[in-house]
Protein chains: 2
Amino acid sequence: MADPVIVAVDAMGGDNAPDVVLEGVALALSQREDLEVILCGNAEVVEPFCAQHERAHAQVTTEVIAMAEHPAAAVRSKKDSSLVVGCRLVKEGKAHGFFSAGSTGACLAAGTLVMGRIKGVSRPCLATVIPSPVRPVVMCDVGANADCKPEYLVQFAQMATVYAEKVVGMENPQAALLNIGEEPEKGSVFAQEAHKLMAERLDNFAGNAEGGDILAATYDVIVTDGFTGNVCLKTIEGTSKTLFKTLKQVLMSSLVSKLGALAIKGSLKSLMKQISPDTYGGAPLLGVKGALLVGHGSSNALAVCNGVLTCASTVSAGVSDIISQAVTKSNE
Amino acid sequence: MADPVIVAVDAMGGDNAPDVVLEGVALALSQREDLEVILCGNAEVVEPFCAQHERAHAQVTTEVIAMAEHPAAAVRSKKDSSLVVGCRLVKEGKAHGFFSAGSTGACLAAGTLVMGRIKGVSRPCLATVIPSPVRPVVMCDVGANADCKPEYLVQFAQMATVYAEKVVGMENPQAALLNIGEEPEKGSVFAQEAHKLMAERLDNFAGNAEGGDILAATYDVIVTDGFTGNVCLKTIEGTSKTLFKTLKQVLMSSLVSKLGALAIKGSLKSLMKQISPDTYGGAPLLGVKGALLVGHGSSNALAVCNGVLTCASTVSAGVSDIISQAVTKSNE
């Protein structure tokens, strides 16, 4: 049997921690036999669980980083927090990857500060799989770098391409630049410069994408700066939420439509499932040594399970090494 | 009776011009008795229509700016185009406002170059009414300025506030900055600086908004740079489009859901109408002398009608003068 894949998990991270985290970890362990989990958290949380689960090991920690804390300050001061210790386990080679549904900012800070950047990577970027009903789309940066230089986007595209191919399973993924027009000369000075560099340095550059192309899945990989990407991601989530909420209201507005609603309930549920972020369970911070998957704060057990499994797949696929090779080759 | 409101209309602008433009103008004339239209376009288009409509006057032009032309170059070279002549009529005081569903870029260029900026306005901005199912939301800049300085956003907020109050009819509209977190220190260096300036200089500043707040209508007015705004607007439109397309597909996937779909057809139509951009019919370029409303290239007759009427309302409300006063006061 192959060597086990060891994923450290933040038992204390997330709005519904630790219960949904433990439930999600149990699910993940049942789905992948070569998975081992190091559960980081308070003794009374992790010890009883690990006593009952063969491939779960307890790493007792004494601090917890709250959602509202200043990310970098919290990571620096709370050295025995579940989040920081989880990253340190990866740094020390005791785990291959780390999953947390805790503060995204603290995860990004700990990933960069504790796990460390891959040599040659200017800035790690947060990628996510947009759950389009058409097919999955990898988008980055969705929030790690609010301020970017155009050249960062070349690396973001390279790293997201590796993730799209090796973890999401796309064949020859093409990467597009998010912009405000199709032509190369469109957009801000930043976008024009990024377009030029991406066209020069990427083999799989597909040109400019626009906002309407994201959920329509016109491109495999969509690259942008962390400010625009974060605004866009939240706009997509918010638009879906508002539309479904309104749809429910109009469906409840008359007897006929209520009856209709009953008949389409199954179809609606299947659509909701298609566009649920829980399916992918987490956003990878690409460009750090090892694998770091950041879950939604509101993750349920399924999302935690899928986040842990995606983290394990990222390890198994050797994403970190492949990114290292791609970046080294490109920098030569 | 009060003086007529005179709106110049680009008969040649839009994917479905001139037919839907003429139809839309006829509708608008029938809905507002003090409205007069100067129809700019080829003789064979505008003359027969104006012969049949009492309050429509023909302004024969000989050139047309196509959708794909370079905006500023086209505006400079095609001085007898329907789009440039329409703007010139406003500049010369022969019309109070101008509506076009032609090239947005050319409209922005002609608005700024031909109609001219209001004194004290650094950059005119393109605003739009986001057709949220909750209530309308005014958003700007949605594409006039891909590159902005933080101080521009203070004026964008002032101008959009006037429009929200006087044309959309909001009471004491509050303006928020689109950002990637609630706290003032969140976001890019640009967003942090814009937040600081807006907090200092605006009486109606509501703090940071996030992408999810737009369609949810958490704020009355949402302000951002023209790059982020344009990406966001297209993301909202694209997300709605993809979701409704997928919903239709899942509804057609079984007999039961097909029957359900029949029952909810009316409800769905009413929701689609609520979120249709045709209801507002155009995006105002705020900060130019006079009123300029830019319609979607795909405008239908209803959208053209509403665009022309909104342009007339913008004139009647004296938006240009109120913006001038607000900007002068703020610059003192």
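Look up a bit, the structure's there.
Parameters at a glance
Residues numbered from 1 in each chain as written. Chains lettered and ligands numbered in written order. Predicted model: local features only at pLDDT ≥ 70, side-chain atom pairs only at ≥ 80, totals over all residues. Heavy atoms only, no water. Phe/Tyr/Trp six-rings, centres within 6.5 Å; stacked < 30°, edge-to-face > 60°. Helix = DSSP H or I, 4+ residues; strand = E, 2+ residues; numbered from the N terminus. Buried < 20%, exposed > 50% of the residue type's maximum accessible area, 1.4 Å probe, protein only. Least-squares fit on C-alpha atoms with pLDDT ≥ 70 in both. Expected span 1.5 Å × (residues − 1). Salt bridge = Lys/Arg side-chain N within 4 Å of Asp/Glu carboxyl O.

With that out of the way, let us pick up the packing of aromatic side chains. Residues and elements named next belong to chain A. What the rule picks out here adds up to 2 aromatic pairs over all chains. Look at Tyr-152 and Phe-156: their rings are 6.5 Å apart centre to centre, the planes differ by 45 degrees, and that puts the pair in the tilted class. Here the residue Tyr-152 and the residue Phe-156 both occupy positions in helix 6 (residues 150–166), the gap between them amounting to 4 residues, near one helical turn. An identical accessibility class is assigned to Tyr-152 and Phe-156; each is buried.

Mapping chain A onto chain B is achieved by rotating through 180 degrees and translating by 0.0 Å along the same axis, at an RMSD of 0.0 Å. In the structure described here, the two chain copies are related by an operation that fits a two-fold rotation axis. Ranked by how close their C-alpha atoms come to the rotation axis, the residues of chain A are headed by A:Gly260, at 1.9 Å.

Taking 1.5 Å as the rise per residue, helix 6 (residues 150–166) of chain B with 17 residues should run 24 Å; its terminal C-alpha atoms sit 25 Å apart, in good agreement. Among the 17 residues in helix 6 of chain B, 14 count as buried, and that is most of the element.

The next thing to look at is unusual backbone geometry. Residues and elements named next belong to chain A. Residue Pro-18 is reached from Ala-17 by a cis peptide bond, and omega for that bond is -5 degrees. Mapped onto the elements, Pro-18 comes out in the loop between strand 1 (5–10) and helix 1 (19–31). A positive phi angle, near 45 degrees, is found at Asn-172, a position not held by glycine. We classify Asn-172 as exposed; its relative accessible area is 60%. Within the chain, Ala-217 stands out as a residue other than glycine whose phi angle is a positive 60 degrees. Following the sequence through the fold, Ala-217 ends up in the loop between helix 8 (213–216) and strand 9 (221–223).

Now for the pattern of salt bridges. Residue and element names in this part refer to chain B. Within the structure shown, the criterion is met by 14 salt bridges over all chains. With its nearest N and O atoms 3.1 Å apart, the salt bridge here joins Lys-94 to Glu-92. Classification of Lys-94 as partly exposed rests on a relative accessible area of 48%. Notably, a salt bridge pairs Glu-200 with Lys-196, separated by 3.9 Å at the nearest N-O pair. Taken together, the residues Glu-200 and Lys-196, both in helix 7 (residues 189–201) and 4 residues apart, mark about one turn of the helix.

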